[in-house]
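This is what each chain is made of:
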Amino acid sequence: GSRSRWDDMVGRPGRHSFGVLLGASVGHQIRRSEEAMKTDPKDGTQINADVSMQGNRYHFFAAYSRTWKTFKPGVSQNFWRDGMYTTFTYWLNKEWMPYARFDYVGAGTQPGNFKNYAAPGIGISYYPFLFNNKNRFSLEYNYLHNPLSQTTVAPDGQLGFVPTTFGPQSSIRLQAQFGF
């Protein structure tokens, strides 16, 4: 194979017939403050795995993560939770790329009555190919099955969903990206 294929892992038409990129990581955090361990985890571990595949006109990406948190006895219950993100894109031509995505964060064994965060979405990206290939405009629709406040996911405006205890939510996102 050619190492030049990694310059473009999004499946643009006519670039490369097929390519795969695999990734994995592990991290462990140890808290040193005895005072903090009276309320917070004493340590935590996270593993991550991902795969990216691209071919002529398509790109697929999937990532999985599992996190464990451990507490001192009497502070809280040890728990784990996992999550994944996946997206599939298909280039219609050199400028238009529709895509589908799915975000998931499971409640795992975290104490409380939490529901899973599951948010499928669809979108389309436009690459105007002016001067370079680094400008992108996207329009995306997402649907969250459970109220955000009933999941383990912290409220964050970047998600497109606001904290609520009432039913499913939808979001529309318009994004402009400029590369240099």
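Attention here is on the structure that accompanies the text.

1. Comments concerning a nonpolar patch on the surface
Where nonpolar side chains cluster on the molecular surface, the patch consists of V26, I47, Y64, W68 and M84 and spans about 440 Å² of accessible area. As for its placement among the helices and strands, W68 is situated in strand β3 (residues 58–70).

2. Some thoughts on the side chain of Q169
Tracing the sequence through the fold places Q169 in strand β8 (residues 169–178). Overall, Q169 belongs to the buried group, its relative accessible area being 11%. Excluding anything up to four places from it in sequence, Q169 contacts N142, Y143, L144, L148, F161, V162 and T164.

3. Description of the environment of Y58
Within the secondary structure, Y58 is located in strand β3. Since its relative accessible area comes to 25%, Y58 is described here as partly exposed. Along the primary structure Y58 and S17 are separated by 41 residues, whereas in three dimensions their C-alpha atoms are 9.8 Å apart.

4. A closer look at the side chain of H59
As for its placement among the helices and strands, H59 is situated in strand β3. Of the polar contacts made by the side chain of H59, one reaches the side chain of S52; its length is 2.8 Å.

5. As for the sheet that holds strand β5 (residues 96–105)
Taken together, the eight strands give an open sheet; going across it, the order is β1-β2-β3-β4-β5-β6-β7-β8, and neighbouring strands pair in antiparallel fashion. With one partner strand each, in any of the chains shown, β1 (18–30) and β8 form the two edges of the open sheet. Averaged over all pairs of adjacent strands, the angle between their axes in this sheet comes to 10°, without regard to strand direction. Alignment of β1 against strand β2 (residues 43–55), held across 13 bridges, turns out to be antiparallel. Opposite V20, over in β2, you have M53 as the bridge partner.

Cut-offs and rules
- Residues numbered from 1 in each chain as written.
- Predicted model: local features only at pLDDT ≥ 70, side-chain atom pairs only at ≥ 80, totals over all residues.
- Heavy atoms only, no water.
- Patch = residues over 30% accessible without salt bridge, like charges linked within 9 Å, V, L, I, M, F, W, Y side chains within 5 Å.
- Areas by Shrake-Rupley, 256 points an atom, 1.4 Å probe, with all protein chains shown as cover.
- Salt bridge = Lys/Arg side-chain N within 4 Å of Asp/Glu carboxyl O.
- Helix = DSSP H or I, 4+ residues; strand = E, 2+ residues; numbered from the N terminus.
- Buried < 20%, exposed > 50% of the residue type's maximum accessible area, 1.4 Å probe, protein only.
- Contact = heavy atoms within 4.5 Å.
- Polar contact = N/O pair within 3.5 Å; in protein donor to acceptor, adjacent residues only side chain to side chain.
- Pairing = 2+ DSSP bridges.
- Axes fitted to C-alpha atoms, helices over the stretch in contact; angles between N-to-C directions.

Spatial relationships are all this shows, so hold off on functional conclusions.
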